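Each chain, letter by letter, is given below.
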Amino acid sequence: MNTALYNQKLLEHYLKGKMVPKSLRNIWYPQWKMDIFFSISNGTLKMLKMKIEGMQQVLCLLYNKAKQNFEECINDNQFLKDEVSISLNEIIIIEKDIKIVFSQRDFEQYLFEVSLILSDGQKEIGRYLYIENEKEEVIDDYLVFH
């Protein structure tokens, strides 16, 4: 299926068959309300803007889960203690960003990618990425020191 046709089918599905340029429809998820503004140009679907309400609690929860998983990852990890130049207890965790990654074919499936910066107080020394799905299941995590 070519891209223009796929985009048109996608838009038809999510706008319930109403092909309206610059359309606004509400998509509801359990934790928040999301409004997405679309436009159609030459048969191509384009997302113009996304507005999310009620996300503050969800974002705090996700950052806390990422921090907790990071702490579990470094706890009693002798290999890391030997490899990292500072004490693991002295690492400063900085909340960087949270990305919502939607499945290409199904907007009801998505991932949260929570990114943390690890610092020694002067500079960035590493990053931690925590990934969970829409069912709040942990999918993966990555810990990288520079």
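Everything below is about the structure shown above.
In this report, we go over the structure that sits alongside the text. Keep in mind it's a predicted model, so treat the numbers as computed, not measured. (Residues numbered from 1 in each chain as written. Predicted model: local features only at pLDDT ≥ 70, side-chain atom pairs only at ≥ 80, totals over all residues. Heavy atoms only, no water.)

**Here we look at the overall build of the protein**
Okay, so step 1: Assigned secondary structure in the protein consists of three helices and seven strands.
Okay, so step 2: Across the 146 residues that make up the protein, the buried fraction comes to 31%.
Okay, so step 3: Taking the intrachain contacts of the protein between residues at least 6 apart in sequence as the baseline, contacts between residues at least 24 apart amount to 36%.
Okay, so step 4: Accessible surface, the protein as shown: approximately 9500 Å² in total, 49% of it carbon and sulfur. (Helix = DSSP H or I, 4+ residues; strand = E, 2+ residues; numbered from the N terminus. Buried < 20%, exposed > 50% of the residue type's maximum accessible area, 1.4 Å probe, protein only. Contact = heavy atoms within 4.5 Å. Areas by Shrake-Rupley, 256 points an atom, 1.4 Å probe, with all protein chains shown as cover.)

**Describing the side chain of Glu132**
Okay, so step 1: For Glu132, the location among the structural elements is in strand 6 (residues 124-133).
Okay, so step 2: Judged by its relative accessible area of 2%, Glu132 is buried.
Okay, so step 3: There is a polar contact of 3.2 Å between the side chain of Glu132 and the side chain of Lys65.
Okay, so step 4: A distance of 2.7 Å separates a polar atom in the side chain of Glu132 from a polar atom in the side chain of Tyr130.
Okay, so step 5: Non-local contacts of Glu132, meaning those with residues more than four positions away in its chain, are made with Leu62, Lys65, Tyr110, Leu111, Phe112, Glu137, Val138 and Ile139. (Polar contact = N/O pair within 3.5 Å; in protein donor to acceptor, adjacent residues only side chain to side chain.)

**Details of the packing of aromatic side chains**
Okay, so step 1: Summed over the entire model, instances satisfying the criterion amount to two aromatic pairs.
Okay, so step 2: Between Tyr110 and Phe112, the ring centres sit 5.5 Å apart and the planes meet at 90°, which makes this aromatic pair edge-to-face. For the pair formed by Tyr110 and Phe112, the shared burial category is buried. (Phe/Tyr/Trp six-rings, centres within 6.5 Å; stacked < 30°, edge-to-face > 60°.)

**Quick word on the environment of Tyr142**
Okay, so step 1: When you line up the elements, Tyr142 lands in strand 7 (residues 138-145).
Okay, so step 2: In sequence terms Tyr142 and Arg127 are 15 residues apart; their C-alpha atoms lie 7.9 Å from each other.
Okay, so step 3: Side chain to side chain, Tyr142 and Asp140 meet in a polar contact 3.2 Å long.

**Points about the pattern of salt bridges**
Okay, so step 1: In total, this model carries six salt bridges according to the counting rule given.
Okay, so step 2: Linking Glu132 and Lys65 is a salt bridge whose minimum nitrogen-to-oxygen distance equals 3.2 Å. Of the two residues, Glu132 sits in strand 6 while Lys65 sits in helix 2 (residues 56-74), which places them 67 residues apart along the sequence. An identical accessibility class is assigned to Glu132 and Lys65; each is buried.
Okay, so step 3: Between Glu136 and Lys65 there is a salt bridge, and its shortest N-O distance comes to 3.4 Å. Here Lys65 lies in helix 2 and Glu136 lies in the loop between strand 6 and strand 7, a separation of 71 residues in the sequence.
Okay, so step 4: Overall, Glu136 belongs to the partly exposed group, its relative accessible area being 43%.
Okay, so step 5: The buried category is assigned to Lys65, whose relative accessible area is 17%.
Okay, so step 6: In the salt-bridge network here, residues are joined through shared partners; they are Lys65, Glu132 and Glu136. (Salt bridge = Lys/Arg side-chain N within 4 Å of Asp/Glu carboxyl O.)

**Regarding the nonpolar core**
Okay, so step 1: Of all hydrophobic cores here, the largest spans 20 residues; its most connected members are Phe112 and Val114.
Okay, so step 2: Secondary-structure elements contributing two or more residues to this core are helix 2, strand 5 (110-119) and strand 6.
Okay, so step 3: Looking at this core element by element, the count peaks at six residues for helix 2.
Okay, so step 4: With sequence-adjacent residues up to four places away left out, Val114 is seen in contact with Leu62, Tyr63, Ala66, Asp97, Ile98, Tyr128, Leu129 and Tyr130. (Core = buried A, V, L, I, M, F, W, Y, C linked by side-chain atoms within 4.5 Å.)

This is a description of form; function is not addressed.
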